[in-house]
Amino acid sequence: MNCKTWATAVKNAAYFRERVNEGEFVYALYAAVIHSNLGEGIVLPPLYEVTPHLFTNSEVIQKAYTAQMTQTPGKFRIEFTGSKKNPEQRVAYFGEDIGMNVHHVTWHLDFPFWWNDAYGYHLDRKGELFFWAHHQLTVRFDAERLSNNLDVVDELYWDKPIKEGFAPHTTYRYGGEFPTRPDNARFEDVDGIVRVRDMIIHETRIRDAIAQGYITAVDGTKIDIRNSEGIDHLGDIIESSFYSPNARYYGSLHNDAHVILGRQADPHGKFNLPPSVMEHFETATRDPAFFRLHKYMDNIFKEHKDSLPPYTAEEIGFPGVQLTRVGVEGKLETFFEDYEFDLKMAVDSSESANEVDVSAAVSRLNHNDFTYKFDIKSNAAKPAVVRVFLCPRRDSNGIIYTFEEGRWNCIEMDKFWTKLRRGANVIRRKSSDSSVTVPDVPSFQTLITEADKAVAGNSGFDFAHYARSCGIPNRMLLPKGSETGMEFALVVSVTDGASDEQHDALEDATTESHTQCGIHGEKYPDHQPMGFPLDRRIPDERVFLSSDNNAYTIVKVYFKGEH
Ligand SMILES: [Cu+2]
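Please read all numbers here as calculations on a predicted model, not as lab measurements.

1. Topic: the overall build of the chain
If you tally the helices and strands in the chain, you get 17 helices and 14 strands. Taking 563 residues into account, the globule formula puts the C-alpha radius of gyration at 24 Å, and the chain, at 24 Å, falls close to it. Looking at the chain as a whole, 55% of its 563 residues are labelled buried. For the chain, the accessible area works out to roughly 24,600 Å², and carbon and sulfur atoms hold 51% of it. Charge-centre separation for the chain: the mean point of 61 positive side chains lies 3 Å from the mean point of 83 negative side chains.

Structure below.
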């Protein structure tokens, strides 16, 4: 991070590559490339090819080793963890998706909890982004559960058993298998690290702050949180990050929760087990308890959002603008496809044995591209911001959610700025342009080949398109849905974009996943709270639905094929 020239940076990287722990090296290198000016425009190879152990299961790793030992190339299929006797297995494709895991790791690299502004700049709305990115993971997981006839996730309770156990079938490169947790484990203190009591105390202090409407900073001053910025402070104290105004008092609820939950297989350190999947961003979502943990955090954030006054008709309105029709061109259809990635870095190589080709084949959720079509009438030329949400319409019993119940479960699909003309406007927006998602990262081999070509002066490869790997994989934009078509409300809101100064620059490829990942080194491009206008209570849906600029339509998401 402190290197002044490219040559120094590369030589330092090479030096440490030989001398530090390899996991630490990869983390440090990725963090430095993301945050240093020298790293601008560098496309980092997909982590599932760099540290495959953390993205696939032990069975596949074992086969790759055998292939190398016997010098027989091979392609090995990854099965999702668990057997059919475990209902959670139905949604393992989500928590174990290699692209979703890369998004989660990269989010935490883009917004490290240890970030200190002395490193060079401020991470704008980091606490709020922590809330929003994880809230979106939670609602997306719930939508996948509903697609697979499962109930939505219940939260974690410190005084109740952790219902789901987990056998990760994942191994470290060095240090053995990730620990297993049986069903219905009860929380125990983790010796010398974190006590259950502390979790309850910190949670109570945070809930107190929400009820009081202010946070107490280290010096005793009160920070008002009953406003739009409150969520940002809350995110900082709940994670907690170095931005927390009082980590001594509010603790580190989220980070400690990952550790205490992760260590329940060996809370007293009797068996000398390595850290669990919960303690690595790469692997945490594999454990279904991750989503319980985040539902618990999410409900605390909701308690705060519910303490704010609902938006008034003026706040969510856009005078002179009417959204007259919301439609989709193309069928909303999902399917599973096979994807192959390289496993060479999972096995040890030596000078005396050739490297053989080893790869993994995994089944991934994808969908057909589609286009939104919005008919908007405007009484004048003006900039507007369009927000698109997809909200499950029914719970697992088939009962239709009320507007107020359903709005918290909405999946953010897209947010974009547009210039309305006076009169009738027809706006088409492609699903592939979503500002929530990123395209598939090219393989390490493709990046090497294309980089060599570019150095030789003949590459047409669009590197900038892949500059960021934080963002929901575009192929997972739609939840799976069902064979007969699962109903969702497609909620669209068109509001005033005049006070968002950056809207002209937003179509640049390197900013494409800004809604949940921000823009490196810049202010978050939207002045409204994340989730607006559905983030606050809607006690009277007529306020929302009678505004001309907000509308919804019911759509169905079809799943084609087998799972
Ligand atoms: Cu996370």
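2. With respect to the environment of Tyr 157
By the secondary structure assignment, Tyr 157 is in the loop between α7 (126-147) and α8 (196-212). A distance of 3.1 Å separates a polar atom in the side chain of Tyr 157 from a polar atom in the side chain of Asp 154.

3. A look at a nonpolar patch on the surface
Taken together, the side chains of Tyr 15, Phe 16 and Val 20 make up a nonpolar region of the molecular surface, amounting to roughly 260 Å² of accessible area. Along the chain, Phe 16 falls in helix α1 (residues 6-19).

4. Some points on the coordination of the copper ion
Looking at the copper ion, the protein donor atoms are His 104 (NE2), His 108 (NE2) and His 134 (NE2), and they sit 2.0 to 2.1 Å from it. Donor residues for the copper ion, ordered by position in the chain, follow H-x3-H-x25-H. One end of the pair, His 108, is in helix α6 (residues 98-110); the other, His 134, is in helix α7, with 26 residues separating them in the sequence. Grouping residues by exposure puts His 108 and His 134 together as buried.

5. A look at the UniProt feature "domain: Tyrosinase copper-binding" (unreviewed entry) in the chain
Under the present numbering, the feature "domain: Tyrosinase copper-binding" (unreviewed entry) in UniProt falls on residues 287-298. The span residues 287-298 is 83% helix and 0% strand, and its two end C-alpha atoms sit 17 Å from each other.

6. What to know about the sheet that holds strand β5 (residues 333-342)
Reading across from one edge, β1-β6-β5-β14-β13-β8-β9 is the order of the 7 strands in this open sheet, with mixed pairing throughout. Two strands in the sheet have a free side with no partner beyond their single neighbour: β1 (74-77) and β9 (411-420). Between one strand axis and the next, the sheet turns by 35° as a mean value, whatever way the strands run. Sitting on the sheet, helix α4 (residues 58-70) touches β1 and β6 (358-367), and the angle it makes with β1 is about 170°. Sitting on the sheet, α7 is in contact with β6, β8 (382-392), β9 and β13 (486-496), with an inclination near 120° to β9.

7. Here we look at the sheet that holds strand β7 (residues 371-378)
With respect to topology, 3 strands assemble into an open sheet ordered β4-β7-β10, the strand pairing being antiparallel. The open sheet has two edge strands, β4 (321-329) and β10 (423-430), and neither has a second partner. Here the average twist between neighbouring strands, direction ignored, is 20°. Of the strand pairs in this sheet, β4 and β7 are connected by 8 bridges, and their pairing is antiparallel. Paired with Val 321 across the bridge in β7 is Ser 378.

8. A look at the packing of aromatic side chains
If you walk through the whole model with that rule in mind, you get 31 aromatic pairs. Plain terms: the ring middles of Tyr 311 and Phe 532 are 5.0 Å apart, the flat faces sit at 75° to each other, and that makes the pair edge-to-face. Highlighted residues: Tyr 311 in the loop between α12 (289-306) and α13 (313-316) and Phe 532 in the loop between α16 (514-517) and α17 (541-545), separated in sequence by 221 residues. Taking relative accessible area as the criterion, Phe 532 reaches 1% and is therefore assigned buried.

9. Quick notes on α6
An ideal rise of 1.5 Å per residue puts 18 Å on 13 residues; α6 measures up with 18 Å between its terminal C-alpha atoms. In terms of burial, α6 is largely enclosed, as 13 of its 13 residues are buried.

10. Topic: the layout of surface pockets
Taken as a whole, the second largest pocket spans an internal volume of roughly 890 Å³. When residues of the lining of the second largest pocket are traced back to their parent elements, those giving at least two are α2 (22-35), α3 (47-50), α6 and α11 (253-262). Of all the elements, α2 adds the most residues to the lining of the second largest pocket, at 6 residues. When grouped by side-chain class, the residues that make up the lining of the second largest pocket number 19 nonpolar, 9 polar and 6 charged.

So, how was this worked out
- Residues numbered from 1 in each chain as written.
- Predicted model: local features only at pLDDT ≥ 70, side-chain atom pairs only at ≥ 80, totals over all residues.
- Heavy atoms only, no water.
- Helix = DSSP H or I, 4+ residues; strand = E, 2+ residues; numbered from the N terminus.
- Rg over C-alpha atoms; globule rule 2.2 N^0.38 Å.
- Buried < 20%, exposed > 50% of the residue type's maximum accessible area, 1.4 Å probe, protein only.
- Areas by Shrake-Rupley, 256 points an atom, 1.4 Å probe, with all protein chains shown as cover.
- Lys, Arg positive; Asp, Glu negative; His and termini not counted.
- Charge placed at Lys NZ, Arg CZ, Asp CG, Glu CD.
- Polar contact = N/O pair within 3.5 Å; in protein donor to acceptor, adjacent residues only side chain to side chain.
- Patch = residues over 30% accessible without salt bridge, like charges linked within 9 Å, V, L, I, M, F, W, Y side chains within 5 Å.
- Salt bridge = Lys/Arg side-chain N within 4 Å of Asp/Glu carboxyl O.
- Donors = N, O, S within 2.8 Å, 3.2 Å for Na, K, Ca; no water.
- UniProt positions renumbered as here; feature names shortened; annotations may be inferred.
- Pairing = 2+ DSSP bridges.
- Axes fitted to C-alpha atoms, helices over the stretch in contact; angles between N-to-C directions.
- Contact = heavy atoms within 4.5 Å.
- Phe/Tyr/Trp six-rings, centres within 6.5 Å; stacked < 30°, edge-to-face > 60°.
- Expected span 1.5 Å × (residues − 1).
- 1 Å grid on protein atoms, 1.4 Å probe; cavity = no way out; pocket = protein on both sides within 12 Å on 5 of 7 lines; lining within 4 Å.
- Points joined across faces, edges and corners; volume = space filled by probe spheres on them.
- Nonpolar A, V, L, I, M, F, W, Y, C, P; charged D, E, K, R; others polar.

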